[in-house]
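Tertiary structure, described
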Amino acid sequence: MFKSIVVMSTMLAATAAYAVDSPITGNVSSKCSIYTDVSGVYGNPSPDELSTLPADGGVMPIIRYDVSIADYYTAKIEWPNSFTTSPSLSDSLTWTGEVEVSSTSDVGMAGYEAAKVEYDNVTEYDLTVAGSTWFKVTSNVTYGVDKSFPGGEYKANVVAECVAN
Amino acid sequence: MKHIIIAVALLITTSATAHELTPTYPKLSQSFVNGVVVTKMKLWNRRQDVSYYEIDVYDEEWNNLPFASSSRIMRVDYLASKTFEIYIKKKDVKKVEYICTTSKQLKEDVKSTGVKSRICSRVK
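To keep things clear, this report deals only with the structure shown in the data block. No experiment lies behind these values; they were computed from the predicted model shown.

Parameters at a glance
- Residues numbered from 1 in each chain as written.
- Chains lettered and ligands numbered in written order.
- Predicted model: local features only at pLDDT ≥ 70, side-chain atom pairs only at ≥ 80, totals over all residues.
- Helix = DSSP H or I, 4+ residues; strand = E, 2+ residues; numbered from the N terminus.
- Buried ≥ 20, exposed ≤ 12 C-beta atoms within 10 Å, placed from the backbone.
- Contact = placed C-beta atoms within 7 Å.
- Nonpolar A, V, L, I, M, F, W, Y, C, P; charged D, E, K, R; others polar.
- Pairing = 2+ DSSP bridges.
- Axes fitted to C-alpha atoms, helices over the stretch in contact; angles between N-to-C directions.

What follows deals with the overall build of chain A. Of regular secondary structure, chain A possesses two helices and ten strands. Tracing chain A from N to C terminus, the helices and strands come up as α-β-β-β-β-β-β-α-β-β-β-β. Per-residue burial over chain A gives 28% buried out of 165 residues.

Across the contact, 32 residues belong to chain A and 27 residues belong to chain B. Elements with a minimum of two residues in the side of chain A that touches chain B: β1 (32-38), β4 (62-67) and β10 (156-164) of chain A. Split into classes, the residues belonging to the side of chain A that touches chain B amount to 16 nonpolar, eleven polar and five charged. The pairing of β10(A) with strand β8 (residues 113-122) of chain B spans eight bridges and is parallel. Opposite A:Asn157, over in β8(B), you have B:Gly114 as the bridge partner.

What follows is about the sheet that holds β10(A). Spatial strand order, β7(A)-β8(A)-β5(A)-β10(A)-β8(B)-β7(B)-β4(B)-β5(B): eight strands in an open sheet with mixed pairing. Strands at the two margins of the open sheet, each flanked by one partner only, are β7 (117-119) of chain A together with β5 (73-75) of chain B. The sheet shows a mean angle of 20° between the axes of neighbouring strands, taken without regard to direction. Direction of pairing for β7(A) relative to strand β8 (residues 122-127) of chain A: antiparallel, over a ladder of three bridges. Bridge pairing links A:Val117 to A:Glu124 in β8(A).

Right under this line is the structure:
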């Protein structure tokens, strides 16, 4: 009798046992990420000029946009048109700049550069393909007419926006 | 040559920093306060050079709209994410178009050319 009870309870206990899964779940939702891959540096090729061009001793800022789903976002990138930090300047500044696609993760993005829209200091790209796009920014500023920049620290901001369509 | 390219790519990717805001299309719903709607957003900071982000709400013409949140400028540490709620008056609901977060860099954190990132979700 006792033996039967032991066998039955063992069977009941065995049926109650089960395997435990540890699932890892994920969800790809639409989103835009802005990466600052390379921070820019101004070179000083001549006393009255600051430039991010490598030929002028500068480093071009490189910004990467990642979009997980196509056609959900527009990238807007502004090259600088004022200093955020500088010594006191008494003469006028002439700002110029350019934003270009430097690299892409998908061949479908090949048309981005031709389709870009430029106004003022803003360049817009419609992010019509999912993946990563790298943009390089050129910034150039000259001071007065052949006037030397006063010594000190100069900083300016590139604005990188990602706006949902 | 192949190894050099991979090594350079690795070096470049390790220095990458990012700013993310979700959802892309937030939904406004009734809050616990009468006449006020609310939406929940999530910001993820992977920018080592940024610890503060500013929240803004705009209409279609990019005019600022009034809103309430726990703070207009919030601290989000590197590799941290923050969920925040935005409260908007019901009378402004039809005007709301964009909810944006903008990176705010401390003066000492900006190198020669800093990058100010702004991500805008759209209320449809």
